[in-house]
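Remarks on the overall topology
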Amino acid sequence: MAVTQETLSYLDPARPEPWASFIEQIDRVAPHLGHLSHWIETLKRPKRILIVDVPIVRDDGSIAHFEGYRVQHNLSRGPGKGGVRFHPAVSLNEVMALSGWMTVKNAALGLPYGGAKGGIRIDPRQFSRGELERITRRYTSEIGIVIGPDKDIPAPDVGTSEQTMAWMMDTYSVNVGHTASGVVTGKPIALGGSLGRQEATGRGVYIAAREAGRRMGVAIDGARVVVQGFGNVGGIAARIFRENGAKVVALQDAEATIANPAGIDIPATLVHVAAHGSLSGFFGAEPISEEEFWHLESDYFVPAALEGQVTPERARGLRTKIVVEGANGPTTPAADDILRDRYILVVPDVLANAGGVTVSYFEWVQDFSSFFWTEDEINARLEGIMVKAFDAIWHTAQERRVSIRTAAFIIACERVLAAREQRGLYP
Ligand code: NAD
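Nothing here was measured: the structure is a model prediction, and the numbers come from that model. (Residues numbered from 1 in each chain as written. Predicted model: local features only at pLDDT ≥ 70, side-chain atom pairs only at ≥ 80, totals over all residues. Heavy atoms only, no water.)

As a further point, take the domain arrangement of the protein chain. Examined at the domain level, the protein chain breaks down into domain 1 (5–180) and domain 2 (198–352). Relative to domain 2, the C-alpha centre of domain 1 lies at a distance of 26 Å. With 17 residues of domain 1 at the interface, the matching set in domain 2 holds 12 residues. Each partner contributes to the roughly 1,200 Å² buried at the junction of domain 1 and domain 2, and carbon and sulfur atoms together form 52% of this total. Area buried by domain 1 at its contact with domain 2 is led by R28, W101 and K105, which between them contribute 36% of it. A salt bridge links R28 to D337, with the nearest nitrogen and oxygen atoms 2.9 Å apart. (Domains from an automatic or database assignment. Contact = heavy atoms within 4.5 Å. Buried area = accessible area lost by both parts, 1.4 Å probe. Salt bridge = Lys/Arg side-chain N within 4 Å of Asp/Glu carboxyl O.)

This next bit is on the nonpolar core. Inside soluble globular proteins, nonpolar side chains tend to come together where they are buried. Within the largest apolar cluster, 96 residues are counted, with the highest numbers of intra-cluster contacts made by F22, F241, L251, Y300, V324, V347 and F409. Three or more residues apiece are contributed to this core by two domains, here domain 1 (5–180) and domain 2 (198–352). Apart from residues lying up to four places away in sequence, V347 is in contact with A208, A212, I322, V323, V324, E325, A352 and F390. (Core = buried A, V, L, I, M, F, W, Y, C linked by side-chain atoms within 4.5 Å. Buried < 20%, exposed > 50% of the residue type's maximum accessible area, 1.4 Å probe, protein only.)

With that out of the way, let us pick up the pairing of strand β5 (residues 152–156). Regular strands show a simple pattern: their side chains alternate between the two faces of the sheet. Counting buried positions over the 5 residues of β5 gives 4, a clear majority of the element. Relative to β5, strand β3 (residues 80–86) is paired through 5 bridges, and the arrangement is parallel. Across the sheet, the residue bridging to G82 is P154, located in β5. (Helix = DSSP H or I, 4+ residues; strand = E, 2+ residues; numbered from the N terminus. Pairing = 2+ DSSP bridges.)

Turning our attention to helix α3 (residues 129–143). For the α-helix, the turn length of 3.6 residues means that residues three or four positions removed from each other point alike. If you check α3, its first and last C-alpha atoms are 21 Å apart, about what 15 residues at 1.5 Å a residue would give, namely 21 Å. Among the residues of α3, those classed as buried are E131, L132, I135, T136, Y139, T140 and I143. Around the axis of α3, the buried residues are gathered within 165° of arc, so they sit on the same side. For α3, the elements touching its buried residues are β1 (48–57), β2 (63–74), β3, β4 (115–120) and α4 (162–176). (Expected span 1.5 Å × (residues − 1). Arc of directions from axis to C-beta.)

With that settled, the discussion passes to the sheet that holds β2. Overall, mixed pairing links the 5 strands, which are arranged β1-β2-β4-β3-β5 in an open sheet. A strand with exactly one partner marks an edge of an open sheet, and here the two such strands are β1 and β5. Ignoring which end each strand starts from, the neighbouring axes of this sheet average 20° apart. Taken strand by strand, helix α2 (residues 92–108) contacts β1, β2, β3 and β4, and its axis lies near 150° from that of β4. (Axes fitted to C-alpha atoms, helices over the stretch in contact; angles between N-to-C directions.)

As a further point, take the side chain of N74. For N74, the position within the fold is in strand β2. Relative accessible area serves as the criterion here: at 4%, N74 is assigned to the buried category. At 2.8 Å, the side chain of N74 and the backbone nitrogen of S76 are in polar contact. If we ignore the near neighbours within four places in the chain, the residues touching N74 are T42, L43, T103, G114, G115 and V416. (Polar contact = N/O pair within 3.5 Å; in protein donor to acceptor, adjacent residues only side chain to side chain.)

Moving on: the packing of aromatic side chains. Enumeration over the complete set of coordinates arrives at 15 aromatic pairs. Where F66 meets F127, the ring centres are 5.3 Å apart and the plane angle is 85°; that geometry is what we call edge-to-face. Here F127 lies in the loop between β4 and α3 and F66 lies in strand β2, a separation of 61 residues in the sequence. Among the residues examined, F66 registers a relative accessible area of 12% and is labelled buried. For F127, a relative accessible area of 13% corresponds to the buried category. Of note, R215 hangs over the ring of W394, and the distance from its end group to the ring centre comes to 5.5 Å. Here R381 stacks its cationic end above the ring of W373, 4.1 Å away from the centre of that ring. (Phe/Tyr/Trp six-rings, centres within 6.5 Å; stacked < 30°, edge-to-face > 60°. Lys NZ or Arg CZ within 6 Å of the ring centre and 35° of its normal.)

Take the site of the ligand next. Neighbouring residues of the ligand: 22 residues in total, closest D157, T201, F230, V233 and N328. With respect to the ligand, the side chain of D157 contributes an N or O atom lying 2.6 Å from an oxygen atom. At 2.8 Å, a side-chain N or O of N328 approaches an oxygen atom of the ligand. Burial of the ligand by the protein amounts to 82% of the accessible area it has alone, namely 830 Å². Elements with a minimum of two residues in the shell around the ligand: α5 (197–216) and α6 (232–243). (Near = heavy atom within 4 Å. Areas by Shrake-Rupley, 256 points an atom, 1.4 Å probe, with all protein chains shown as cover.)

Encoded structure:
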């Protein structure tokens, strides 16, 4: 049976990234999928795209309109799952790529979800709390036709927080007429959130780094770590690295780049960022240039900001042993090849940052059963799932002689496409 190949007419050919990177990753895995590669086109086009207008009354009485998205990339294995991003660079292309990576991540970890993602193109720092609440509520109401506890479950991402999730949960619940805590994850504890969720992505990044280091002979104790992005993911990962004996020697956020060869005091840095909103002005480290940052010597390099940061040029200059992708899509496929040729191991996003969605899954299960676990239980189960997924992916990489990323994609795509095949096409 021939497979129909068409370009997606709704994408701007002049701005192919990051969807083009996702497609290239899918193309790289196709030859490893045997007869299932027959279904590969399924992964190259999102199942469903919703674009919504989000109008609000601003504090000064004027009316402003924003563009919002919810993309459900694949629902073959279960409801959609993926975060909501508020950032000025959000585009349909970006949300599509992020939704595709969620399909792969959820399947690679064995979570019973498809992949989805959402976003609004705004700079949240330019709006008052009241305006952000109105934007969030109107967006939630507009995407209400496709989300729900058994349809698609959003969570926080860049620029959104547990407060955003509280507003989303409340708006959805008011609209359906009953409290539906399972419609989002990453909620405050008082609303059915899970212990350990806020830390989960950073904790998972640390677990993935530790497992990679164990196999590569790079101990965490005494390791030099460089982290790009000091938000929910980078900040927590840096803290847990330090608690386990590593030295975080450099940090970068959107406003500043700082280094201290003796190790940065992460708890003090977190306090500074909570008070001032950025690393800028932190006294316990020296400002360094962007150029120096990408050439610093380290054992672990953790990109935990945005996609497309590790470019081919930066990949040629990186002086590290292991890259652990806290962010989604931080390494371009061309940069991936350069790192491989330089024997720098890359622990890919779909494995390294999967701790967040894993504890989101726990939160959703707890909401359904109205029975809540202790933080120790959460962390033990997270550890169990991450280590099991790491072992399986590592084993596949060795067996098939492919990168860890391709191995993760092989396992994930086999699961998604087997589900697709078994369900069959309707009608
Ligand atoms: P966040 O908004 O909490 O933090 C983002 C950080 O990146 C901030 O420190 C910001 O200053 C910095 N940053 C932004 N642009 C930058 C630039 N150009 N250069 C350097 N630093 C820059 O977001 P987050 O939740 O920590 O998410 C970070 C990444 O991790 C994203 O790719 C996100 O999709 C991914 N991720 C997040 C979660 C989660 O649970 N929050 C889960 C999985 C993956």
